[in-house]
Amino acid sequence: MVEAILIDLFSVPANLQNNIQGLLHNTLEAIEKCSSIHAPCVYVMCCQRQGSERKGEQEFLLPALRGFQSLKRRLEVVCAQTTAAALYTIKQRLDEKDLSIIKIILPTLRKDLMKVYLDHLFTAVYQFEFEDLQVVSDCENLQISEHQHEGQTLPSQDVALIRSEIQMYLESLPSLKGELTILRSSLIPDNIFLHGFTTRTGGISYIPTLSSCNLFSSSKRRDPQVVVKENLRRLANAAGFNPEAFHRVKVDHANAVCIMGKTEPDNYDGIVTNQRGVTLAAPGADCIPVLFADPVRRACGAAHSGWKGTLLGVSMATVNAMVSEYGCNLKDILVVLGPSVGPCCYKLPHESAKEFHRIDPKCVRLFDSASPYIDIRRATRILLERGGILPENIQDDSITDQNQNITFCTACHPDKFFSHFRDGTNFGTQIGFISIKD
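Residues numbered from 1 in each chain as written. Predicted model: local features only at pLDDT ≥ 70, side-chain atom pairs only at ≥ 80, totals over all residues. Heavy atoms only, no water.

Draft legend 1. Representation of the packing of aromatic side chains in the model. Applying the stated criterion across every chain, the model contains nine aromatic pairs. Site record: aromatic cluster; members linked through ring pairs are Tyr88, Tyr169 and Tyr206. Above the face of the Phe427 ring, Arg221 is positioned so that its terminal group lies 3.8 Å from the ring centre. Positioned above the aromatic ring of Phe408, the side-chain terminus of Lys416 is 4.9 Å from the ring centre. (Phe/Tyr/Trp six-rings, centres within 6.5 Å; stacked < 30°, edge-to-face > 60°. Lys NZ or Arg CZ within 6 Å of the ring centre and 35° of its normal.)

Right, dumping it as structure tokens:
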């Protein structure tokens, strides 16, 4: 069932105001009378000409809006200078109400254009259906292009213009929840490596569980890739790395490792390089983002270590890749565990807890319960030490100087970090990143 209706009047020229009043009136009348397109919310999208006041721009629509008492409370006119700005504003309204099934009523010749905007600004969470706006005969100017017909692919230059418009609009948005903050470890020498762990502040993602510096987009979440890309651009500017030379692991919750410069696996949770200026990153929203640095051989790595990856030894697999590929010595490799869910909060079913108990009984609390508390950080440290990493070369929450601690519990600090465990399926993601300075 349709949950919202969007009427796209954005392409209507100012000199056709009389026509559009009748057109809008007829469309709203159909919505009010026809149960097949009934929806709790109706949005009218129109163009705000430069130099005009928002209120004045909407005045010409008022005659068409009068008389629709049943629609009055659920109808909103959204005026903006660009289609990207208008659509993004409407997306915010939809997300506030958790609406996902939208009917778009628009001129036929605007449909292909609209689909490009939707592909960039929305994810697979949303479902769209289209209905032709019945354009009256003297409204030929509603057409986008005399040569464009529905079903034809938009010219690549038009798609590029849309992408540019979206990017410029997102770059203009203010940061949310405060300034962008990066946590850094004193263990990794900053004269050789650029590194850090992100927090949730300083981005533009507005959905509460994703706000604001979400750095991962998924078809199952409401934050589109373009927003994540803008968050990453802001992080790159603040941290000082090139977002075009940025490589994030392709999470599989296993132990495969990608060697930069060699054939890239389909999925991997670890990545290593000795190339300068290349930034490696691992996500975490309870799982541990782990950073590796060898200041002697000047190599680095990043790994994503959830409970499955921890048991499969993803951290030591990343270390071993640095040893075999770059001739690193185990005693020189530094390892830092980033913000992640702590043993104070994290539980697993008893069967899974048994595996951690085998590593060390201290990795499990309340072992006899149905869902014991698990310390994936301690398990990671133990496996690293058994593999030959020096205890003093590992930084985690066991650090004695709490002023130096960066391995915070993500679930315990909702103001600082995202947490899948705490926030559910529509959760945000922070990252750990590292690169070798030029």
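Draft legend 2. Quick look at the pattern of salt bridges. This model, assessed by the stated rule, comprises 20 salt bridges. Across the pair Lys111 and Asp132 runs a salt bridge, and its minimum N-O distance is 4.0 Å. A residue pair is termed long-range when its members are at least 10 positions apart, and Lys111 in helix H6 (residues 111–121) and Asp132 in strand S5 (residues 127–132) qualify at 21 residues. When the shortest N-O distance is used, the salt bridge between Lys250 and Glu264 registers 3.4 Å. (Salt bridge = Lys/Arg side-chain N within 4 Å of Asp/Glu carboxyl O. Helix = DSSP H or I, 4+ residues; strand = E, 2+ residues; numbered from the N terminus.)

Draft legend 3. Region of the structure containing helix H5 (residues 83–96). The end-to-end C-alpha distance of H5, which contains 14 residues, comes to 20 Å, matching closely the 20 Å that a straight helix rising 1.5 Å per residue would cover. With respect to burial, H5 is a largely interior element, eleven of its 14 residues being buried. Along H5, the residues that are buried comprise Thr83, Ala84, Ala85, Ala86, Leu87, Tyr88, Thr89, Ile90, Lys91, Leu94 and Asp95. Asp98 sits one or two positions beyond H5 and adopts a positive phi of about 60 degrees. (Expected span 1.5 Å × (residues − 1). Buried < 20%, exposed > 50% of the residue type's maximum accessible area, 1.4 Å probe, protein only.)

Draft legend 4. Layout of the sheet that holds strand S10 (residues 270–273). Taken in spatial order, the six strands line up as S9-S10-S13-S12-S14-S17 in an open sheet, and their pairing is mixed. Of all the strands in the sheet, the pair left with one neighbour each is strand S9 (257–259) and strand S17 (394–395). Alignment of strand S14 (residues 334–337) against S17, held across two bridges, turns out to be parallel. Pairing of Val336 across the sheet is with Gln395, part of S17. Here helix H10 (residues 314–326) sits on the sheet in contact with S9, S10, strand S12 (288–294) and strand S13 (299–305), set at roughly 160 degrees to S13. (Pairing = 2+ DSSP bridges. Contact = heavy atoms within 4.5 Å. Axes fitted to C-alpha atoms, helices over the stretch in contact; angles between N-to-C directions.)

Draft legend 5. View of unusual backbone geometry. A cis amide bond links Ser211 with the next residue in sequence, Ser212, at an omega value of 5 degrees. Structurally, Ser212 is set in the loop between strand S7 (193–198) and helix H8 (225–239). Unusually for a residue other than glycine, Asp98 sits at a positive phi of about 60 degrees. Checked against the element boundaries, Asp98 lands in the loop between H5 and strand S4 (101–106). Positive phi values are uncommon outside glycine, yet Lys177 reaches one of about 65 degrees. Position of Lys177 relative to the elements: it lies in the loop between helix H7 (156–172) and strand S6 (182–183).

Draft legend 6. Highlighting the sheet that holds strand S8 (residues 246–248). Strands sit in the order S6-S7-S18-S11-S8 across an open sheet of five strands; the sheet is mixed. Two strands in the sheet have a free side with no partner beyond their single neighbour: S6 and S8. Where S7 and strand S18 (residues 430–436) come together, five bridges link them in antiparallel fashion. Looking at S18, one finds that Gly196 is bridged to Phe433.

Draft legend 7. Representation of the confidence of the model for the protein within the structure. Of all residues in the protein, 89% have pLDDT values of 70 or greater, and the mean over the chain is 90. Confidence drops under a pLDDT of 50 for residues 136–150, and excluding neighbours within four residues, the segment shows 30 contacts in the predicted structure. (pLDDT = per-residue confidence, 0-100.)

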